[in-house]
Amino acid sequence: MDRLHAMQVFAAVARSGGFAAAARQLGMSPPAVTRAIAALEDRIGTRLFSRTTRSVSLTEAGHRYLVDVERLLQELDDAEAAAQGLHASPRGLLTITAPVMFGRLYIAPILLDFLDQHPDVTGRLLLLDRVTNLLEEGMDVALRISHLGDSSMAAIRVGSVRSVICASPDYLKRQAVPQHPGDLAAHRLIVATSSLGIQEWRFGKDDSLAVRINPALVCNSNAAVVQAVESGWGISRLLSYQVGPSIAAGRIRLVLESFERAPLPVHLVHLEGRRASAKVRAFIDFAASRLRSDPVINPR
């Protein structure tokens, strides 16, 4: 069996979670699929699947191999489409990653509309509050909220967000409105982070003003922090897009705006080094247009 077909069989087993299901998908017999995987494992020299009488699951080596195989198969599909003159038509699996809350508020609706317009594209959205390695993890496009260093990725800036101090109108009626970052010591602070203990918040365009804080609540969910702020429980620091809907609805107000840090740029990034496929180019153009028209990340 040639390597390409072996990779296709491996990917089918991995996606379907079983040899019989992969056989039905590929129009092969289950014994033929089993032999193909055994031959592939013999050639590679490691087990790709853990098999029991009830289940088939990828080994650690299998997970790593699957990322590479899916990328190679997609590149082959793109190459064949280009040779046939079809590369201008977006098609295939499009994998996008974004921070959890930004992805829910912005990227998910954009992706749904994009898929409506491009029925030959299948979407895969991974919302993760960590920086992903696009090549190693098989991603096509990532939304990054940060200053980007030198890299091999192409980056398209689509806006910026601010780090803001916020509270509910009800809380600010009950407590003195802070006029200086040092006043935060007298308030009940909610911190959106996974670390505990004494922390430091920096203020000013050059981060020159540092204020030590002692949070009353630490939470690793930004959505939960927004909810706590809206309830009037305390004050928090969040990114402007995270509280944009709440501000628009009057549930949250900003304070200490004159002490804000420099805004953080928002980029769509994708890999360079090979010509971007039609699906990636089309999504970048579509998403960039939508994001640049949003008043929260591109205020006029």
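Calculation notes
Residues numbered from 1 in each chain as written. Predicted model: local features only at pLDDT ≥ 70, side-chain atom pairs only at ≥ 80, totals over all residues. Heavy atoms only, no water. Phe/Tyr/Trp six-rings, centres within 6.5 Å; stacked < 30°, edge-to-face > 60°. Helix = DSSP H or I, 4+ residues; strand = E, 2+ residues; numbered from the N terminus. Buried < 20%, exposed > 50% of the residue type's maximum accessible area, 1.4 Å probe, protein only. Pairing = 2+ DSSP bridges. Disulfide = S-S within 2.5 Å. Axes fitted to C-alpha atoms, helices over the stretch in contact; angles between N-to-C directions. Contact = heavy atoms within 4.5 Å. Core = buried A, V, L, I, M, F, W, Y, C linked by side-chain atoms within 4.5 Å. Parallel < 35°, antiparallel > 145°, perpendicular 65-115°, else oblique. Left-handed = near helix turned anticlockwise from the far one by under 90°. Nonpolar A, V, L, I, M, F, W, Y, C, P; charged D, E, K, R; others polar. Expected span 1.5 Å × (residues − 1). Polar contact = N/O pair within 3.5 Å; in protein donor to acceptor, adjacent residues only side chain to side chain.

**With respect to the packing of aromatic side chains**
Reasoning step 1: Scanning the model with the defined rule gives eight aromatic pairs in all.
Reasoning step 2: Seen in terms of ring centroids, Phe10 and Tyr65 are 4.9 Å apart; in terms of plane orientation they differ by 55°. Their pairing is tilted. A residue pair is termed long-range when its members are at least 10 positions apart, and Phe10 in helix H1 (residues 3–16) and Tyr65 in helix H4 (residues 60–83) qualify at 55 residues. For the pair Phe10 and Tyr65, a shared accessibility class is recorded, and that class is buried.
Reasoning step 3: Ring geometry for Tyr106 against Tyr241: centres 6.3 Å apart, planes inclined by 70°, an arrangement best described as edge-to-face. With a gap of 135 residues between them, Tyr106 in helix H5 (residues 100–117) and Tyr241 in helix H8 (residues 240–248) connect regions that are remote in the sequence.

**Re the pairing of strand S7 (residues 163–167)**
In summary, the side chains of a regular strand alternate between the two faces of the sheet.
Reasoning step 1: Within S7, five of the five residues are buried, which leaves it mostly tucked inside the rest of the structure.
Reasoning step 2: Judged by which residues are buried, S7 turns out to be covered on both faces: Ser163, Ile165 and Ala167 on one side and Val164 and Cys166 on the other are all buried.
Reasoning step 3: Where S7 lies against strand S12 (residues 235–239), four bridges are found, and the strand directions are antiparallel. In the strand pairing of S12, Val164 is matched with Leu238.
Reasoning step 4: The sheet contact formed by S7 and strand S13 (residues 253–255) spans three bridges and is antiparallel. Across the sheet, Ala167 pairs through a bridge with Arg253, a residue of S13.

**Notes on the state of the cysteines**
Reasoning step 1: Summed over the entire model, instances satisfying the criterion amount to zero disulfides.
Reasoning step 2: Here Cys166 is not cross-linked by a disulfide; its sulfur's nearest cysteine counterpart is in Cys219, at 14 Å.
Reasoning step 3: Judged by its relative accessible area of 0%, Cys166 falls in the buried class.

**Description of the sheet that holds S13**
Reasoning step 1: On the basis of which strands lie adjacent, the open sheet formed by five strands has the order S11-S8-S12-S7-S13 and mixed pairing. Looking along the sheet, the strands with just one partner apiece sit at the ends: strand S11 (217–219) and S13. On average, each strand axis in the sheet is inclined to that of its neighbour by 35°, with strand direction left out of account.
Reasoning step 2: Where helix H7 (residues 222–230) meets the sheet, it contacts S7, strand S8 (189–192), S11 and S12, and its direction lies at approximately 165° from that of S8.

**Looking at the sheet that holds strand S4 (residues 121–127)**
Reasoning step 1: Taken in spatial order, the five strands line up as S4-S3-S5-S14-S6 in an open sheet, and their pairing is mixed. Across the chains shown, the open sheet's two edge strands, defined by having one partner strand only, are S4 and strand S6 (153–161). Adjacent strand axes in the sheet meet at a mean angle of 20°, parallel and antiparallel pairs treated alike.

**Quick word on the nonpolar core**
General note: in soluble globular proteins, nonpolar side chains tend to be found buried as a group.
Reasoning step 1: Counting 42 residues, the largest nonpolar core has Phe102, Leu143, Tyr241, Leu268, Phe283 and Leu291 as the members making the most contacts within it.
Reasoning step 2: Looking at this core element by element, the count peaks at eight residues for helix H9 (residues 278–292).
Reasoning step 3: Grouped together as the second largest cluster of nonpolar side chains are 24 residues, Phe19, Val33, Phe49 and Val69 included.

**Some points on the packing of H1 against helix H2 (residues 19–26)**
Reasoning step 1: The geometry of H1 relative to H2 is characterised by a closest axis approach of 8 Å and an angle of 125° between their N-to-C directions. One way to sum up the angle between H1 and H2 is to call them oblique. In the packing of H1 onto H2, the handedness of the crossing is right-handed. Residues Gln8, Val9, Ala12, Val13 and Ser16 of H1 form the contact with H2, whose own contacting residues are Phe19, Ala21, Ala22, Gln25 and Leu26.
Reasoning step 2: Split by residue class, the contact of H1 with H2 holds seven nonpolar, three polar and no charged.

**So, H1**
Reasoning step 1: Its 14 residues give H1 an end-to-end C-alpha distance of 20 Å, which sits within 8% of 20 Å, the value for a rise of 1.5 Å per residue.
Reasoning step 2: The N-terminus of H1 is capped by Asp2, whose side-chain oxygen sits 3.1 Å from the backbone nitrogen of Leu4.
Reasoning step 3: In the segment just after H1, Gly17 is the residue with positive phi, at about 80°.

**Description of unusual backbone geometry**
Reasoning step 1: Positive phi values are uncommon outside glycine, yet Asp207 reaches one of about 60°.
Reasoning step 2: Positionally, Asp207 belongs in the loop between strand S9 (199–203) and strand S10 (209–213).
Reasoning step 3: Here the phi dihedral of Leu256 falls at roughly 55°; this positive angle occurs in a residue that is not glycine.
Reasoning step 4: Within the secondary structure, Leu256 sits in the loop between S13 and strand S14 (264–271).
Reasoning step 5: Here Leu256 falls in the buried class, since its relative accessible area comes to 7%.

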